[in-house]
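Structural description and commentary
What follows is the residue order along each chain.
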Amino acid sequence: MTTPQTVPNRVLRVPPASPAAAAAYFSASLAFHADVSDVAAALAAREAGGGPGFVVLDSRSTEAWDQGHVPGAIHLPTALVPEQAERLLDRSVPLVTYCWGPGCNGGARAALALAELGYQVKEMLGGFEYWVREGFAYETWEGTQRQAPDPLTAPTGAGTDCGC
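If you're wondering where the values come from, they're calculated on a predicted model, not measured in any experiment.

What follows covers the environment of A41. Considering the arrangement of structural elements, one finds A41 in helix 2 (residues 36–47). Distance from A41 to Y130, taken between C-alpha atoms, is 14 Å for residues 89 residues apart in sequence.

Taken in spatial order, the five strands make up an open sheet running 1-5-4-2-3, and their pairing is parallel. Looking at the sheet topology across the chains shown, the edges are occupied by strand 1 (33–35) and strand 3 (74–75). One ladder, built from three bridges, connects strand 4 (residues 95–98) with strand 5 (residues 121–125); its direction is parallel. Within strand 5, the position partnered with T97 by the bridge is E123. Of the strands in this sheet, strand 1 and strand 5 touch helix 1 (residues 19–32), which is tilted by about 95° from strand 5. Taken strand by strand, helix 5 (residues 106–116) contacts strand 2 (55–58), strand 4 and strand 5, and its axis lies near 145° from that of strand 4.

All right, on to the environment of V36 then. Here V36 lies in helix 2. C-alpha of V36 to C-alpha of F128: the two residues are 92 residues apart in sequence and 8.7 Å apart in space. Not counting residues within four places of it along the chain, the set of residues in contact with V36 comprises M124, L125, G127, Y130, W131, E134 and F136.

Another point: the nonpolar core. V39, L43, V56, V70, Y98, M124 and W131 are the most contacted members of the largest nonpolar core, which has 17 residues in total. Only helix 2, strand 4 and helix 6 (127–133) provide two or more residues apiece to this core. Sequence-distant contacts of V70, defined by excluding residues within four places in its chain, comprise L43, V56, Y98, M124, F128 and W131.

This brings us to helix 4 (residues 81–88). Among all positions in helix 4, only V81, Q84 and A85 are buried. With its buried residues spanning 120° around the axis, helix 4 presents them on a single face. In helix 4, the exposed residues that point more than 90 degrees away from the buried face are P82, E83, E86 and R87. Buried positions along helix 4 lie against helix 5.

The residue R60 is located in the loop between strand 2 and helix 3 (62–67) in this model. Taking relative accessible area as the criterion, R60 reaches 2% and is therefore assigned buried. Here G68 takes part through its backbone oxygen, which lies 2.4 Å from a polar atom of the side chain of R60. When near neighbours in sequence (up to four residues on either side) are disregarded, R60 contacts W65, G68, H69, H75, P77, Y98, C99, W100 and F128.

Conventions and cut-offs
- Residues numbered from 1 in each chain as written.
- Predicted model: local features only at pLDDT ≥ 70, side-chain atom pairs only at ≥ 80, totals over all residues.
- Heavy atoms only, no water.
- Helix = DSSP H or I, 4+ residues; strand = E, 2+ residues; numbered from the N terminus.
- Pairing = 2+ DSSP bridges.
- Contact = heavy atoms within 4.5 Å.
- Axes fitted to C-alpha atoms, helices over the stretch in contact; angles between N-to-C directions.
- Core = buried A, V, L, I, M, F, W, Y, C linked by side-chain atoms within 4.5 Å.
- Buried < 20%, exposed > 50% of the residue type's maximum accessible area, 1.4 Å probe, protein only.
- Arc of directions from axis to C-beta.
- Polar contact = N/O pair within 3.5 Å; in protein donor to acceptor, adjacent residues only side chain to side chain.

Here it is in C-alpha cells:
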C-alpha cells in the first residue's frame, strides 16, 4: 500500500495553472515569440516567391553583425532604435528581433523599444546562436556560411521538420 506524499515534489509544489490560464499564457507567449526554424521556413518561402510578411531585425553591435547574421536581416542595434527606426522600418510590417542567444535579452530589449514606438514585434527564440546551431545559412563579411546542425537542437536526417 502506498501513502500519499506529505510534501509534494518540486515539480508539483506549485500546482499547474488551470487549463484556461495555461491556454491564455501559452497563446500570449506565441504572440510574442517566433521559433528559429519557423523564421527560416518563412524566409525560404519568400525566396520561393512567397513573402514572409515580416522583417528580421538584428539588434546586436556592428562587431557582432560582422561575425554573422541572418540573411536579409536589417541591422539596428538596440541603442539606436529610437533615432533610426523611423528611417529604416515600415510600421505596417511586423518585425522579428534577435540578439545572440537564449542567454542574452538584447532581442527582448529591442522588441520593447520598437513596441514603445508603435511597431508590431516578436522576438526570435534562441537568437543567432540557435540559427547557427540549427544549421541555417548566415552571412558574414566573408560571404555565406553554414554549419552542420547540432543534433541536440535540430534533426540531422533527411527531414528538417522536428514535428513540433
